[in-house]
Amino acid sequence: MENYNLKSHNTFGLEAVADHFLEYGSEEELLQFIQKGSLKGRLLHIGAGSNLLFMNPTYHGTVLHSRIRGIEVEREDEEHVWVRVGAGEVWDDFVAYCVEKQWYGAENLSLVPGEVGAAAVQNIGAYGVEVKDLITQVETVALDGTSRIFEVSECGYAYRDSIFKQADMKCYFVTRVHFCLSKTPCFHTEYGAIKQELEKRGELNLRTLRDVIIAIRQSKLPDPTILGNAGSFFKNPVVSRTKFEELQRQYEHMPHYEIDADHVKIPAGWLIEQSGWKGRALGPAAVHDKQALVLVNRGGATGADIVALSDAVCQEVAQKFGIEISPEVNFID
């Protein structure tokens, strides 16, 4: 499709148009696009558009979107199950499926927006769990028409990062992702308000934990169909223990998470709130009034408006705390 409106393909709800837009429902269909030379100009492969920001009103090139679906069990034993999932599956639908099947591991990632393929690229994480801990392999098709399966050890996973985000890896398109899930109970309840909320609900099981996490997320994060946003906009910075102890002397009750003996993670939302930005606006873009980690489109914002707000927030945090925070969202020029 030519001159395709991308507003429904980005959760910020920004007006943007792609020169070319293609969707494929199988690896074979993707290969046909490649062989026919349908991929014109620059290439951008998107999922649900929940973690990207179009900086310009026009994307000059081809935007690709996968509709490869399906969840299939490859093998299982008494303790684990290995599944293969299409990149176009909605991530939370997959989590719901796991919970229904009593497969443990993905429940803390409930209601994280996006699709399975993008989850593997971004290494999504929430409440002490990262998707890299569940992934075993990532299937791809390359721009030259070849297929390659990446073992998890080859994916270069780090905090909200993978090799698939590197410029020289953009020629690989994720088509399916393999996961290993547990059949035996293994819960992660130490983050945020999970424990407190669970106490109100009685028995701990997969369903109650998923419900609690969904409730917590909905209480803090705005619905992008109502207020455009990309969820958590900034990464939580990791600082040296020396820097942390210096700040802790000034902010005794500063929230933090231990990484190792030498590093501590500080919530970016807390830094932004302490810098006075929570609920503040800069034109049609604003910092959400319930969760300072989220930037929102109040209506009519452009990519440039969101970037200007992001830059202002980062500058204020750096001036106040001497800490550089950076966007988790991918900027698309």
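Just above sits the structure.
The rules we used
Residues numbered from 1 in each chain as written. Predicted model: local features only at pLDDT ≥ 70, side-chain atom pairs only at ≥ 80, totals over all residues. Heavy atoms only, no water. Helix = DSSP H or I, 4+ residues; strand = E, 2+ residues; numbered from the N terminus. Rg over C-alpha atoms; globule rule 2.2 N^0.38 Å. Buried < 20%, exposed > 50% of the residue type's maximum accessible area, 1.4 Å probe, protein only. Contact = heavy atoms within 4.5 Å. Areas by Shrake-Rupley, 256 points an atom, 1.4 Å probe, with all protein chains shown as cover. Lys, Arg positive; Asp, Glu negative; His and termini not counted. Charge placed at Lys NZ, Arg CZ, Asp CG, Glu CD. Pairing = 2+ DSSP bridges. Axes fitted to C-alpha atoms, helices over the stretch in contact; angles between N-to-C directions. Salt bridge = Lys/Arg side-chain N within 4 Å of Asp/Glu carboxyl O. Arc of directions from axis to C-beta. Parallel < 35°, antiparallel > 145°, perpendicular 65-115°, else oblique. Nonpolar A, V, L, I, M, F, W, Y, C, P; charged D, E, K, R; others polar. Phe/Tyr/Trp six-rings, centres within 6.5 Å; stacked < 30°, edge-to-face > 60°. Core = buried A, V, L, I, M, F, W, Y, C linked by side-chain atoms within 4.5 Å.

### Section: the overall build of the protein
Then comes step 1: Along the protein, the regular secondary structure elements total eight helices and 20 strands.
Then comes step 2: Rg of the C-alpha trace for the protein: 20 Å, near the compact-globule value of 20 Å for 333 residues, within the 12% margin.
Then comes step 3: A buried classification covers 50% of the 333 residues belonging to the protein.
Then comes step 4: The contacts in the protein between residues at least 6 apart in sequence include a share of 61% that link residues at least 24 apart.
Then comes step 5: Roughly 15,300 Å² of accessible area belongs to the protein as shown, and the carbon and sulfur atoms make up 47% of that amount.
Then comes step 6: Distance from the positive charge centre (33 side chains) to the negative charge centre (47 side chains) of the protein: 4 Å.

### Let's talk about the sheet that holds strand β19 (residues 294–297)
Then comes step 1: Pairing is antiparallel across the open sheet formed by four strands, whose spatial order is β13-β19-β18-β17. One side of each edge strand has no neighbouring strand; the edge strands of this open sheet are β13 (228–232) and β17 (281–282).
Then comes step 2: Sheet analysis places β17 next to strand β18 (residues 285–287), joined by two bridges and oriented antiparallel. Bridge pairing in β18 links Leu-282 to Ala-285.
Then comes step 3: Helix α8 (residues 303–321) rests against β17, β18 and β19 of the sheet, and its axis sits at about 35° to β18.

### A look at the pairing of strand β11 (residues 147–151)
Then comes step 1: Here strand β10 (residues 135–142) pairs with β11 via five bridges, running antiparallel. Directly across from Gln-137, in β11, lies its bridge partner Glu-151.
Then comes step 2: Here β10 folds back onto β11 in antiparallel fashion, the turn holding four residues, of which Gly-145 has a positive phi close to 90°.

### Brief notes about the sheet that holds strand β5 (residues 58–66)
Then comes step 1: With mixed pairing, four strands are arranged side by side in an open sheet as β1-β2-β5-β3. Each edge of the open sheet is held by one strand with a lone partner, namely β1 (2–5) and β3 (42–46). Across this sheet, the average inter-strand angle for adjacent strands is 45°, counted without regard to direction.
Then comes step 2: As defined by bridge partners, β3 adjoins β5 across five bridges and the pair is classed as parallel.

### Some words on the pattern of salt bridges
Then comes step 1: Taken as a whole, this structure holds 18 salt bridges when the rule is applied.
Then comes step 2: The partner of Glu-197 in a salt bridge is Lys-200, with the nearest N and O atoms 3.1 Å apart.
Then comes step 3: For Lys-200, a relative accessible area of 59% corresponds to the exposed category.
Then comes step 4: Connected via shared salt-bridge partners are Glu-130, Lys-132, Asp-133, Arg-160 and Glu-328.

### Some remarks on the side chain of Ser-50
Then comes step 1: Looking at where Ser-50 falls in the secondary structure, it is placed in the loop between β3 and β4 (52–54).
Then comes step 2: You can call Ser-50 buried: its relative accessible area is 10%.
Then comes step 3: With residues up to four places along the chain from it excluded, the contact list for Ser-50 reads Thr-11, Pro-113, Gly-114 and Ala-230.

### Structural notes on helix α1 (residues 27–35)
Then comes step 1: Three or more residues of α1 are buried, namely Glu-27, Leu-30, Phe-33 and Ile-34. Seen along its axis, α1 keeps its buried residues to an arc of 120°; they face one direction. Of the residues in α1, the exposed ones pointing more than 90 degrees away from the buried face are Glu-28 and Gln-35.
Then comes step 2: On its buried side, α1 packs onto β2 (17–24), β7 (80–86), β10 and β12 (172–182).
Then comes step 3: Once α1 ends, the next one or two residues include Gly-37, with phi positive near 75°.

### Some words on the side chain of Glu-27
Then comes step 1: Assignment of secondary structure puts Glu-27 in helix α1.
Then comes step 2: By relative accessible area, which is 13% here, Glu-27 ends up buried.
Then comes step 3: Each residue touching Glu-27, except ones within four places of it in the same chain, is listed here: Ile-68, Arg-84, Glu-139, Val-141, Thr-175 and Arg-176.

### Observations regarding the packing of helix α2 (residues 91–100) against helix α5 (residues 206–220)
Then comes step 1: The interhelical angle for the contact between α2 and α5, taken along N-to-C directions, is 155°, at an axis separation of 10 Å. In terms of their interaxial angle, α2 and α5 are classed as roughly antiparallel. Between α2 and α5, the residues in contact are Asp-92, Val-95, Ala-96 and Val-99 and Leu-206, Arg-207 and Arg-210, respectively.
Then comes step 2: Of the residues that constitute the contact of α2 with α5, the class distribution is four nonpolar, no polar and three charged.

### With respect to the packing of aromatic side chains
Ring pairs (aromatic) are described by centroid distance and by the angle formed between their planes.
Then comes step 1: For the structure on display, the rule yields 14 aromatic pairs.
Then comes step 2: Taking 4.9 Å as the distance between ring centres and 35° as the angle between the ring planes, the aromatic pair formed by Phe-94 and Phe-179 counts as tilted. Linking Phe-94 in helix α2 with Phe-179 in strand β12, this pair joins segments that are 85 residues apart in sequence.
Then comes step 3: Classification of Phe-94 by relative accessible area gives buried; the value is 0%.

### Some details on the nonpolar core
Then comes step 1: Trp-91, Phe-94, Val-138, Phe-179 and Leu-181 are the most contacted members of the largest nonpolar core, which totals 42 residues.
Then comes step 2: Where this core is concerned, the elements lending two or more residues are β7, α2, α3 (116–122), β10, β12, α4 (194–199) and α5.
Then comes step 3: Leave out the neighbours within four places in its chain, and Phe-94 touches Ile-71, Val-83, Val-85, Val-116, Phe-179 and Leu-181.
Then comes step 4: In this structure, Leu-14, Phe-244, Val-264 and Phe-321 belong to the second largest nonpolar core, which totals 35 residues.

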